[in-house]
Amino acid sequence: MARAATTRRKIITTAAAWAIGLLIFFPIYWTILTSFKTEAQAINNPPLFFNFDWTLENYAIVQERSDYMRFLWNSVILAGGSTLLGILVAVPAAWSMAFVPSKRTKDILMWMLSTKMLPAVGVLYPISLLFVQLGLLDTRIGLIIVLMLINLPIIIWMLYTYFKEIPGEILEAARMDGAGLKEEILYVLTPMAVPGIASTILLNFILAWNEAFWTLNLTAASAAPLTAFIASYSSPEGLFFAKLSAASTMAIAPILILGWFSQKQLVRGLTFGAVK
């Protein structure tokens, strides 16, 4: 009876997990499916799932109307640049809070986290004025700095959590062997925290890639990423659902590929570690 109950529980748990996974993935699936429909089929009632004429016309129109590669390259530069800059700032900050804490460390951590509760529109006007005065409006470097700053609290919190799990005695041993602060961070701390740093980089990259509020308000053309590319298909005349879905599919494709590749590498690493 115990074995039967366990098998039944596994079946129920597996079915529930698949149901939740399909529910979460359905919007992405529907977006991809709609991108292969005509505009009339996209707004058809009842919705068409498979019995429609598949077409690549929307992708051709999107590519003809917009320079997709320019928007894609801007997204890669903005997400990659803000992530790299954030890691360079966050690693020393998290190290100091984890291994050289003061009586105000917890207060500082809570203050940094509280900045994420502030509505972005509350600081849009002063940041816009600063961008105009400094000549950073519609520039990549300006957006990289903004994206880095808005995600910096999360990066520091994540790295702080990972660093706290590393025994301080290891760093003390490195100091006794003559390691300076630079060597301690680069050659002792960083290699031990590679999994945590990698997951932090991936999360920050995705957050920066998906950021829409700042990219839509601080860019016009030159530094516009894929979020602006998608928003351009919403016009006063109405929403062109099929073309909007095609643009969205082209925008999320790199992230889906990155997520699949990261998951594959993670599984391979875990399997190799288990065999080893």
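Residues numbered from 1 in each chain as written. Predicted model: local features only at pLDDT ≥ 70, side-chain atom pairs only at ≥ 80, totals over all residues. Heavy atoms only, no water.

Side note on the packing of helix α9 (residues 181-192) against helix α10 (residues 194-210)
Here comes step 1: Interhelical geometry of α9 versus α10 gives an angle of 75 degrees and a closest axis separation of 5 Å. One element, α9, and the other, α10, form an angle in the roughly perpendicular class. For the pair α9 and α10, the contacting residues are Thr190, Pro191 and Met192 in the first and Val194, Pro195 and Ile197 in the second.
Here comes step 2: Split by residue class, the contact of α9 with α10 holds five nonpolar, one polar and no charged. (Axes fitted to C-alpha atoms, helices over the stretch in contact; angles between N-to-C directions. Helix = DSSP H or I, 4+ residues; strand = E, 2+ residues; numbered from the N terminus. Parallel < 35°, antiparallel > 145°, perpendicular 65-115°, else oblique. Contact = heavy atoms within 4.5 Å. Nonpolar A, V, L, I, M, F, W, Y, C, P; charged D, E, K, R; others polar.)

Section: unusual backbone geometry
Here comes step 1: In this chain, asparagine 45 is followed by proline 46 through a cis amide linkage whose omega measures 5 degrees.
Here comes step 2: As for its position among the elements, proline 46 is in the loop between α2 (39-42) and α3 (57-65).
Here comes step 3: For aspartate 138, which is not glycine, the phi dihedral falls at a positive 60 degrees.
Here comes step 4: Examined against the element boundaries, aspartate 138 turns out to sit in the loop between α6 (124-134) and α7 (140-164).
Here comes step 5: Judged by relative accessible area, aspartate 138 falls into the buried class, the value being 17%. (Buried < 20%, exposed > 50% of the residue type's maximum accessible area, 1.4 Å probe, protein only.)

A closer look at α6
Here comes step 1: Leu124, Ser128 and Phe131 are the residues of α6 that are buried. The buried side chains of α6 occupy one side of the element, clustering within an arc of 60 degrees when seen end-on. Across α6 from its buried face, at more than 90 degrees, point the exposed residues Tyr125, Leu130, Gln133 and Leu134.
Here comes step 2: Elements in contact with the buried residues of α6: α7 and α11 (213-217). (Arc of directions from axis to C-beta.)

Quick notes on the packing of aromatic side chains
Here comes step 1: For the structure shown, the criterion picks out eleven aromatic pairs.
Here comes step 2: Their ring planes at 40 degrees and their centres at 5.3 Å tell us that phenylalanine 71 and phenylalanine 229 sit as a pair that is tilted. On the criterion of sequence distance, the pair formed by phenylalanine 71 in helix α4 (residues 68-99) and phenylalanine 229 in helix α12 (residues 226-231) is long-range, its members being 158 residues apart.
Here comes step 3: An aromatic cluster is defined as three or more aromatic residues linked by ring pairs; in this entry it consists of Phe26, Tyr29, Trp30 and Phe49.
Here comes step 4: Geometry around phenylalanine 52 places lysine 37 over its ring, the cationic atom sitting 5.3 Å from the centre.
Here comes step 5: Taking NZ or CZ as reference, arginine 70 lies 4.5 Å from the ring centre of phenylalanine 71, over its face. (Phe/Tyr/Trp six-rings, centres within 6.5 Å; stacked < 30°, edge-to-face > 60°. Lys NZ or Arg CZ within 6 Å of the ring centre and 35° of its normal.)

Structural notes on the confidence of the model for the protein
Here comes step 1: Per-residue confidence for the protein averages 82 on the pLDDT scale, and 90% of its residues sit at or above 70.
Here comes step 2: Highest mean pLDDT in the protein belongs to α7 (91); lowest belongs to strand β2 (residues 238-239) (60). (pLDDT = per-residue confidence, 0-100.)

Description of a nonpolar patch on the surface
Here comes step 1: On the surface, Leu84, Leu85, Leu88, Val89, Ile141, Ile145 and Leu149 cluster together into a nonpolar patch covering about 600 Å² of accessible area.
Here comes step 2: Elements with a contribution of two residues or more to the nonpolar patch: α4 and α7.
Here comes step 3: A total of four residues in the nonpolar patch trace back to one element, the largest contributor, which is α4.
Here comes step 4: Mapping leucine 149 onto the fold places it in helix α7. (Patch = residues over 30% accessible without salt bridge, like charges linked within 9 Å, V, L, I, M, F, W, Y side chains within 5 Å. Areas by Shrake-Rupley, 256 points an atom, 1.4 Å probe, with all protein chains shown as cover. Salt bridge = Lys/Arg side-chain N within 4 Å of Asp/Glu carboxyl O.)

What to know about empty space enclosed by the protein
Here comes step 1: All told, the structure shown has one cavity of 30 Å³ or more when counted by the stated rule.
Here comes step 2: Size it by volume and the largest cavity reaches roughly 40 Å³.
Here comes step 3: Surrounding the largest cavity, Ser75, Leu78, Ala79, Ala208, Trp209, Glu211, Thr215, Pro225 and Thr227 form its lining.
Here comes step 4: Elements with a contribution of two residues or more to the lining of the largest cavity: α4 and α10.
Here comes step 5: Sort the elements by how many residues they give to the lining of the largest cavity and α4 lands first, with three residues.
Here comes step 6: When its residues are assigned to classes, the lining of the largest cavity shows five nonpolar, three polar and one charged. (1 Å grid on protein atoms, 1.4 Å probe; cavity = no way out; pocket = protein on both sides within 12 Å on 5 of 7 lines; lining within 4 Å. Points joined across faces, edges and corners; volume = space filled by probe spheres on them.)

Describing the nonpolar core
Here comes step 1: In this structure, Val62, Trp209, Leu226 and Phe229 are the most contacted members of the largest nonpolar core, which totals 32 residues.
Here comes step 2: Breaking this core down by element, the ones donating at least two residues are α3, α4, α6, α7, α10, α12 and α13 (241-275).
Here comes step 3: Examining the composition of this core, we find that six residues originate from one element, α13, more than from any other.
Here comes step 4: Leaving out residues up to four positions away in the same chain, phenylalanine 229 has contacts with Val62, Ser66, Tyr68, Phe71 and Ala247.
Here comes step 5: Listed in part, the 25 residues of the second largest apolar core include Ala90, Val91, Met112 and Tyr160. (Core = buried A, V, L, I, M, F, W, Y, C linked by side-chain atoms within 4.5 Å.)

Things to note about the layout of surface pockets
To locate leftover empty space, one rolls a probe as large as a water molecule over the atoms.
Here comes step 1: Estimates place the volume of the largest pocket at around 570 Å³.
Here comes step 2: Along the walls of the largest pocket sit 22 residues, with Val123, Ile127, Val146, Leu149 and Ile150 positioned nearest its centre.
Here comes step 3: Among the secondary structure elements, those contributing two or more residues to the lining of the largest pocket are α5 (105-114), α6, α7 and α11.
Here comes step 4: By residue number, the principal contributor to the lining of the largest pocket is α7, which donates six residues.
Here comes step 5: Counted by class, the lining of the largest pocket contains 19 nonpolar, one polar and two charged residues.

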